[in-house]
Amino acid sequence: MFQQKMQEEEENRFCIYRNKTFNRRKIMIIFVAVLLLMVFLMGRLVYLMIFCSEYYGVRAENLHERERDIKAARGNIYDRNGVILAGNGTVLEVGLVPGKMGDDTARAESIKKLAELLDVSEEAIQNALGASYVQDDSFVPIKKIAKGNEEKEAQLLTIPGVMLNDSQDRVYPLGAAAGHLTGYVQAVTAEDLEKLENKGYHANSVIGRSGLEQAYEEELRPVDGTRIIIADETGNTIETLAYQPAQNGKDVRVTIDAEVQKTAYDQFAQDPGTAAAMNPKTGEVLALVSTPGYDPNEFVLGMSDARWNALNEDASNPLMNRFVNTWVPGSTFKGITAAVGVDAGIINPDENLGYVGLSWQKDASWGDYHVTTLTDYGETVNLVNAMTYSDNIYFAREALKIGADTMEEKLKSFGFEEELPFDLTMQASTFDDDGKIDSEIQLADTGYGQGQVLVNPLHLLSMYSMFVNDGNMIQPVLKYEENAAAKIWKEQAVSAQTAQTVKQSLLSVIENPSGTGASAKIDGVTMLGKTGTAEIKESQDDTTGVERGWFICETTEDMPNQIAVVGMVEDVKTKGGSSYVTQKVRNIAVSYLQ
């Protein structure tokens, strides 16, 4: 037992010794490894500091903090049916590749042909080709053009060196047919940036300059995003320091019907004039046309000084927006005079005022001034007959009975001298330039839409809406809403009974075969309406003045496609008078109703 115990103790001492020896070795190995690693790192550091300092210094200098814009898209404008009126689309960028233009003679010929086709100066093309970055294989942009003109594109491609590239830009598919309606965008100016500070605009932003583009700028405008990064000399991102996402503009859908808009423009395109269409039950505006128009694509893609001067100097004023202006309404105003008089209890629609001839004045105090009318329709001179045959004398006589005070008060209640609540700014209708009817003659002339009465076409549509809405004037609206309910602008502008009485007289204008608007009759459709001819002349004896031709019509039945249309041509003196306009307005209504 003793020997066994001694043997065990000896074995234990040996194990302890062996373990200590092993641990010393392990520690030594670790120490040597750490020492070697430190020597290597110190050596590497010395190497980098002494032999590579210049290389890494250059790389450090080439690290840049960069701000990169993230482009956002402007919202599109759609009509009620989803047709694009203004949007982001594809255009053609016409450019030259210098190395493919040939020798000096061929080069000069190419520049000359291209200048003619693009309506740019040869000097502008030469300047573009002479830019410092241009190499033989460079694409040098000259001008953007609308896509789709195959004949012009083919002509361009016959010129040596010309290349056509697709490019993204703002496009207006209806062109001049909706130019005054859509408006256009242009690059912001320094003044814009100052005024719109902190609104997300920058030097490369665009902004709506007129029309829908301007009216809905807040919704349409995009806000570009920004990414601030650390990038190396090749542009690769090393680190993102800050990020602001881009915000695309919102799409806008309007009540306009692109087909009605195009039809209305086509009808009036040959004449300086205007047309507007509206659903008389809902107030949804279906078309707003000013003719002649301009193509907003030209403003976006760029136009030459010669083209700009031609537009400005054109006697027909294509840059003037006629549908926002006010005009002498002529006999279309007789419906309004009738509404004033009947509602005030002054006009008795059944009263026979008696025939007084085709020329009339109140008394000798009027001097040489007479009110004239065209048609002798017999001895029964009442409201229906006077409206049917457009009797100036009847409405002049009734206006005198109404009186200036009542006329002024009632017209103001119809929205005269008041801004129309509409997304596009319209000029306010007025009955006198100083807000007061100053004489009996002026009052008489006001009764049949002459004198100093000026009416906006859209306001006229709103006033006529009272005849099919129990005396309520419907507010015109431009922003589309599904199943939109009508908004009343002037509640009970007249009583329901008055509206019905005047409506019957206006129906006879079209429904009576002898009515001045009978040619507007559409089979199967009941419409009220009124023709109008406004004489613009210096005196009653002046024979050199112009005659504004008008026609307004409005559906009266509950049918799926309700429409009211008004049109005006600036001078119909040699074109058959208001009947010239009547056919145009009828064609617009027909295209929508059938």
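The structure we're discussing is the one just above.
Quick caveat, the model's predicted, so the values are computed rather than measured. (Residues numbered from 1 in each chain as written. Predicted model: local features only at pLDDT ≥ 70, side-chain atom pairs only at ≥ 80, totals over all residues. Heavy atoms only, no water.)

Draft legend 1. Quick look at the overall build of the protein. When its secondary structure is counted, the protein shows 20 helices and 19 strands. In summary, the protein has a C-alpha radius of gyration of 39 Å against a globular reference of 25 Å for 594 residues, an excess of more than 25%. For the protein, with 594 residues in total, the buried portion stands at 47%. By sequence separation, contacts in the protein at least 24 residues apart represent 70% of the contacts at least 6 residues apart. (Helix = DSSP H or I, 4+ residues; strand = E, 2+ residues; numbered from the N terminus. Rg over C-alpha atoms; globule rule 2.2 N^0.38 Å. Buried < 20%, exposed > 50% of the residue type's maximum accessible area, 1.4 Å probe, protein only. Contact = heavy atoms within 4.5 Å.)

Draft legend 2. Just the packing of aromatic side chains, in detail. Counted under the stated rule, the structure contains 11 aromatic pairs. Pairing F299 with W308 gives two aromatic rings, centres 6.1 Å apart and planes at 90°, and the pair type is edge-to-face. Among the aromatic side chains, those forming a connected cluster through ring pairs are Y184, Y294, F299 and W308. The ring of F268 has K584 lying over it, and the distance from NZ or CZ to the ring centre is 5.9 Å. (Phe/Tyr/Trp six-rings, centres within 6.5 Å; stacked < 30°, edge-to-face > 60°. Lys NZ or Arg CZ within 6 Å of the ring centre and 35° of its normal.)

Draft legend 3. Expanded view of the packing of helix 10 (residues 258-268) against helix 20 (residues 578-593). Helix 20 packs onto helix 10 with a crossing angle of 160° between their chain directions and a minimal axis gap of 9 Å. Here helix 10 is positioned roughly antiparallel relative to helix 20, judged by the angle of their axes. As helix 10 packs across helix 20, the resulting crossing turns out to be right-handed. Contacts between helix 10 and helix 20 involve V260, T263, A264, Q267 and F268 on the former and, on the latter, V581, Q583, K584, V585, N587, I588, S591 and Y592. Looking at the contact of helix 10 with helix 20, its residues break down into 7 nonpolar, 5 polar and 1 charged. (Axes fitted to C-alpha atoms, helices over the stretch in contact; angles between N-to-C directions. Parallel < 35°, antiparallel > 145°, perpendicular 65-115°, else oblique. Left-handed = near helix turned anticlockwise from the far one by under 90°. Nonpolar A, V, L, I, M, F, W, Y, C, P; charged D, E, K, R; others polar.)

Draft legend 4. How the structure looks around the environment of V566. With respect to the helices and strands, V566 occurs in strand 19 (residues 564-569). In this structure V566 comes out as buried when scored by relative accessible area, which is 1%. In the structure, V566 is positioned 109 residues away from P457 in sequence and 6.8 Å away in space, judged by C-alpha atoms. Dropping the residues within four chain positions of it, V566 is found in contact with T274, A275, A276, P457, L460, L461, W550, F551, I552 and V585.

Draft legend 5. Representation of the nonpolar core within the structure. L288, F414 and M466 are the most contacted members of the largest nonpolar core, which totals 115 residues. When residues of this core are assigned to their parent elements, the largest contribution, 7 residues, is made by helix 20. Sequence-distant contacts of L288, that is, excluding residues within four places in its chain, are made with L181, I256, Q261, A275, A276, F323, F422, L424, M426 and L458. (Core = buried A, V, L, I, M, F, W, Y, C linked by side-chain atoms within 4.5 Å.)

Draft legend 6. Examining unusual backbone geometry more closely. Geometrically, the link from T291 to P292 is a cis peptide bond, its omega value of -10° lying close to zero. Mapped onto the fold, P292 is located in the loop between strand 12 (285-291) and helix 11 (296-301). Residues other than glycine seldom take positive phi values, yet N198 does so here, at roughly 70°. Relative to the helices and strands, N198 is located in the loop between helix 7 (190-195) and strand 7 (206-208). We note that N317 has phi near 55°; this positive angle belongs to a residue other than glycine. Counting through the fold element by element, N317 comes out in the loop between helix 12 (305-313) and helix 13 (334-343). Classification of N317 as partly exposed rests on a relative accessible area of 35%.

Draft legend 7. Inspection of helix 16 (residues 404-413) at higher detail. Within the sequence span of helix 16, burial applies to M407, E408, K410 and L411. Remark: G415 follows helix 16 within two positions and exhibits a positive phi of approximately 105°.

Draft legend 8. Broad picture of the packing of helix 3 (residues 104-118) against helix 4 (residues 122-129). Packing of helix 3 against helix 4 leaves a shortest axis separation of 9 Å and a crossing angle of 125°. As judged from the angle between their axes, helix 3 and helix 4 are oblique. Note that helix 3 runs across helix 4; the crossing there is right-handed. The residues of helix 4 that touch helix 3, namely those facing R107, I111, K112, L114 and A115, are E122, I125, Q126 and L129.

Draft legend 9. Highlighting the pattern of salt bridges. The final tally for this structure, using the stated rule, is 21 salt bridges. Here D271 makes a salt bridge to K584, at a shortest N to O gap of 3.7 Å. A residue pair is termed long-range when its members are at least 10 positions apart, and D271 in the loop between helix 10 and strand 11 (273-278) and K584 in helix 20 qualify at 313 residues. Ionic pairing is found between K521 and E511, a salt bridge with its closest N-O pair at 2.9 Å. Separated by 10 residues along the polypeptide, K521 in the loop between helix 19 (496-511) and strand 17 (527-536) and E511 in helix 19 bring together distant segments of the chain. For K521, a relative accessible area of 29% corresponds to the partly exposed category. The exposure class assigned to E511 is partly exposed, which follows from its relative accessible area of 32%. (Salt bridge = Lys/Arg side-chain N within 4 Å of Asp/Glu carboxyl O.)

Draft legend 10. Focus on the sheet that holds strand 19. With antiparallel pairing, 5 strands are arranged side by side in an open sheet as 12-11-19-18-17. Lying at the two open borders of the sheet, with one neighbouring strand each, are strand 12 and strand 17. Sheet twist, expressed as the average angle between the axes of neighbouring strands with direction ignored, equals 5°. Bridge count for strand 18 (residues 546-555) against strand 19 is 6 bridges, and the pairing is antiparallel. (Pairing = 2+ DSSP bridges.)

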